[in-house]
Amino acid sequence: MLKKLIAALAITATITTSLFATAGDKAEAAYYHTKAISVAKAHLGVPYRYGGITPRGFDCSGLVKYSFGQAGKVLPRTAADMFYTKGYRVGSLQAGDLMFFAPTKASRPDHVAIYIGAGKMIMASSSKGVIITYTSNSYWKPRYIGAKRI
């Protein structure tokens, strides 16, 4: 009888810990997603620079890496590495999710943006620098290959 009681208490403690860890993880994720978006927005208008990872100039993955880094999350350098090694795939976008793009559905991702909500994303565009644009943009929409939540 005592063994069953101890086992039941251990299971209850494990479940309770898991519930609190999940709530804490969600709160932490909401913080760094919000912070990363704020950092990226603070750099609107910064010019595009191939390989750029600083406020003097960003490429797409450089902006994402920098913004999440300022929020306390370390990400790989390239869009492809972010896509293949971080987070989990999502079908329904939430602010802070990473959106990936490629020339074709079968290609490796070569562009990444941060979803900011309301059908908009922030990215470093090679023609305009750091901008906010709609996810329904006629250039980017057909190149969209999926999103990941970090």
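These remarks concern the structure in this document. (Residues numbered from 1 in each chain as written. Predicted model: local features only at pLDDT ≥ 70, side-chain atom pairs only at ≥ 80, totals over all residues. Heavy atoms only, no water.)

### Some remarks on the nonpolar core
Nonpolar side chains tend toward joint burial in soluble globular proteins. By size, the foremost hydrophobic cluster in this structure holds 26 residues, and its most contacted members are Val64, Phe68, Leu98, Val112 and Ile114. At the level of elements, helix 1 (2-41), helix 2 (60-70), helix 3 (79-85), strand 4 (98-101), strand 5 (111-117) and strand 6 (120-125) are the ones that each hand at least two residues to this core. Tyr115, Met121, Met123 and Ile131 belong to the second-largest nonpolar core, a separate cluster that totals eight residues. (Core = buried A, V, L, I, M, F, W, Y, C linked by side-chain atoms within 4.5 Å. Buried < 20%, exposed > 50% of the residue type's maximum accessible area, 1.4 Å probe, protein only. Helix = DSSP H or I, 4+ residues; strand = E, 2+ residues; numbered from the N terminus.)

### Looking at helix 2
Those residues of helix 2 lying buried are Cys60, Ser61, Gly62, Leu63, Val64, Ser67 and Phe68. Looking at the residues trailing helix 2, positive phi occurs at Gly72, about 100°.

### What about the pairing of strand 7 (residues 129-134)?
Alignment of strand 6 against strand 7, held across six bridges, turns out to be antiparallel. Counted as the bridge partner of Ile122 is Ile132 from strand 7. As consecutive antiparallel partners, strand 6 and strand 7 are separated by three residues. (Pairing = 2+ DSSP bridges.)

So, to be careful, I would describe these as geometric facts and stop short of saying anything about function.
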